[in-house]
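Next come the chains, spelled out residue by residue.
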Amino acid sequence: MNTTPDSIHPPGVPGPPGEGEEIDLTVWRECKGCGELVYVPQLDLEVCYACGHHGRMRGIDRLLALVDTDSFVEFDTGLAAQDPMEFVDTMPYPERLARAREKTGILDGFRAGEATIEGRCVQIGTFEFAFLGGSMGSVVGEKVTLLFERALAARQPAIVISASGGARMQEGLLSLMQMAKSCAALSRLKDEGVPYISVLTHPTTGGVAASFAMLGDVILAEPGALIGFAGPRVIKQTIGQDLPAGFQRSEFLLEKGFLDRIVSRSEIKSTLATLLGFFMGDRKENA
């Protein structure tokens, strides 16, 4: 852990603890990007003011930072996963679900609803990575599909904020089929010319990356996000070769043409508003 120089702190932020002084971990945190001590109350959207590293945010906090104040109305809150395979690894699947629900306060790892962004109505959803790594089981796939279906019915743009480790192994084939189901709903949306904007955050991998996350009319990504099907460590072990520097990070994918733009977290809302203006013109409605 580095002791952060006073010069990198924004005005009004106290200097970091000196060497040997006790560190109050409720107000100081080591940045995972640069290793410096940063003052937690001064962090904006969990972005390090020393190096710009984007830390992890709760999915709902990320969503609410993008939409107009008090405009978000959540749907499908009562959907909850079952245990059709009676799956057991180090613990039974129902017990794993119960722990995730207690930890996050939600029934499964995706939240969706209607909101406005600068007055324009959208159907928007976000993954909650803290719920079993944002994995996509039958409920997550159903919620994503319902989001696309509502967007089609209302002819409102769809926005999905992804942060996922991929398909949920505890639900087997029922999890994998969500890739096809959600993409079929998205195909109907595209056939009718209703826009879909995909926002990729760290990490977006596995079956989510291999389906709707990479099918946006516009694909945005946060800086430094890991995006891909298999992780770089698995790929390196499989092919037995070293991988290029920054492999599968946002910057690498932008260079290869897989993304449209990398956008800092503080600029995503304004970028979405600009895109919605392009797609919708002056049409604004009350959500």
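A.B. asks: Can you break down the overall build of the protein chain residue by residue, with the values?
C.D. replies: The number of helices and strands found in the protein chain is eight helices and ten strands. In terms of C-alpha radius of gyration, the protein chain reaches 20 Å, essentially the compact-globule figure of 19 Å for 287 residues. Taken along its principal axes, the extent of the C-alpha atoms in the protein chain is 60 × 50 × 40 Å. Accessible area for the protein chain stands at about 13800 Å²; split by element, carbon and sulfur atoms hold 52% of it. For the protein chain, the centre of its 27 positive side-chain charges and the centre of its 37 negative side-chain charges are spaced 4 Å apart.

A.B. asks: Give me the nonpolar core: which residues, what numbers.
C.D. replies: Grouped together as the largest cluster of nonpolar side chains are 28 residues, with contacts concentrated most on Phe 110, Phe 127, Phe 148, Val 160, Leu 189, Tyr 196 and Phe 212. When contributions to this core are tallied by element, the ones reaching two or more residues are strand E4 (110-117), helix H3 (138-154), strand E6 (158-164), helix H4 (172-191), strand E7 (196-205), strand E8 (218-221) and helix H7 (250-255). Among the elements that make up this core, the one with the highest residue count is H3 (five residues). Discounting chain neighbours no more than four positions away, the residues touching Tyr 196 are Phe 148, Ala 158, Val 160, Leu 186, Leu 189, Phe 212, Ala 213, Leu 215, Gly 216, Asp 217 and Val 218.

A.B. asks: Requested: an account of the packing of H3 against H4, with residues and values cited.
C.D. replies: Packed helix pairs are specified by the crossing angle of their axes together with the interaxial distance, meaning the distance between the axes. Relative to each other, H3 and H4 sit at 5 degrees, their axes nearing to 9 Å. Comparing the axis directions of H3 and H4 gives the class roughly parallel. Between H3, through Ser 138, Gly 141, Glu 142, Val 144, Thr 145, Phe 148, Glu 149, Ala 151 and Leu 152, and H4, the contact on the second element is made entirely by Leu 174, Gln 178, Lys 181, Ser 182, Ala 185, Leu 186, Arg 188 and Leu 189.

A.B. asks: Residue-level account of the pairing of E7, with values.
C.D. replies: Remark: a regular strand shows side chains that alternate across the two faces of the sheet. Buried residues dominate E7, accounting for nine of its ten residues. Relative to E7, E6 is paired through six bridges, and the arrangement is parallel. Counterpart to Ser 162 in the pairing with E7 is Leu 200. Regarding the hand of the β-α-β motif, the stretch spanning E6, H4 and E7 is right-handed.

A.B. asks: Which residues make up the side chain of Arg 265, and what values go with them?
C.D. replies: Mapping Arg 265 onto the fold places it in the loop between strand E10 (261-262) and helix H8 (268-280). By relative accessible area, which is 6% here, Arg 265 ends up buried. Here the side chain of Arg 265 touches Gly 55 through a polar contact of 2.9 Å, landing on its backbone oxygen. Side-chain polar atoms of Arg 265 contact the side chain of Glu 222, separated by 2.9 Å. If we skip the residues at most four places from it in the chain, Arg 265 touches Leu 45, Glu 46, Val 47, His 54, Gly 55, Met 57, Arg 62 and Glu 222.

A.B. asks: With reference to specific residues and values, describe the pattern of salt bridges.
C.D. replies: With the rule as written, the count across this model stands at 16 salt bridges. Here Glu 142 and Lys 181 are joined by a salt bridge, their closest N and O atoms 2.7 Å apart. Of this pair, Glu 142 sits in helix H3 while Lys 181 is found in helix H4, placing the two residues 39 residues apart along the sequence. Exposure remark for Lys 181: the relative accessible area of 25% places this residue in the partly exposed category. For Glu 192, the salt bridge is made with Arg 155, and the minimal N-O distance between the two is 3.7 Å. Pair noted here: Glu 192 is in the loop between H4 and E7 and Arg 155 is in the loop between H3 and E6, with a separation of 37 residues, a long-range link. Assessed through its relative accessible area of 41%, Arg 155 is described here as partly exposed.

A.B. asks: Explain H4 residue by residue, including any values.
C.D. replies: The end-to-end C-alpha distance of H4, which contains 20 residues, comes to 30 Å, matching closely the 28 Å that a straight helix rising 1.5 Å per residue would cover. All of the buried residues in H4 are Gly 172, Ser 175, Gln 178, Ser 182, Ala 185, Leu 186 and Leu 189. Turning to H4, the residues buried within the fold contact H3, E6 and E7.

Here is what the cut-offs are and how they apply
Residues numbered from 1 in each chain as written. Predicted model: local features only at pLDDT ≥ 70, side-chain atom pairs only at ≥ 80, totals over all residues. Heavy atoms only, no water. Helix = DSSP H or I, 4+ residues; strand = E, 2+ residues; numbered from the N terminus. Rg over C-alpha atoms; globule rule 2.2 N^0.38 Å. Areas by Shrake-Rupley, 256 points an atom, 1.4 Å probe, with all protein chains shown as cover. Lys, Arg positive; Asp, Glu negative; His and termini not counted. Charge placed at Lys NZ, Arg CZ, Asp CG, Glu CD. Core = buried A, V, L, I, M, F, W, Y, C linked by side-chain atoms within 4.5 Å. Buried < 20%, exposed > 50% of the residue type's maximum accessible area, 1.4 Å probe, protein only. Contact = heavy atoms within 4.5 Å. Axes fitted to C-alpha atoms, helices over the stretch in contact; angles between N-to-C directions. Parallel < 35°, antiparallel > 145°, perpendicular 65-115°, else oblique. Pairing = 2+ DSSP bridges. Right-handed = clockwise from strand over helix to strand, strands pointing away. Polar contact = N/O pair within 3.5 Å; in protein donor to acceptor, adjacent residues only side chain to side chain. Salt bridge = Lys/Arg side-chain N within 4 Å of Asp/Glu carboxyl O. Expected span 1.5 Å × (residues − 1).

Interpretation note: all reported values are geometric properties and have no functional meaning in isolation.
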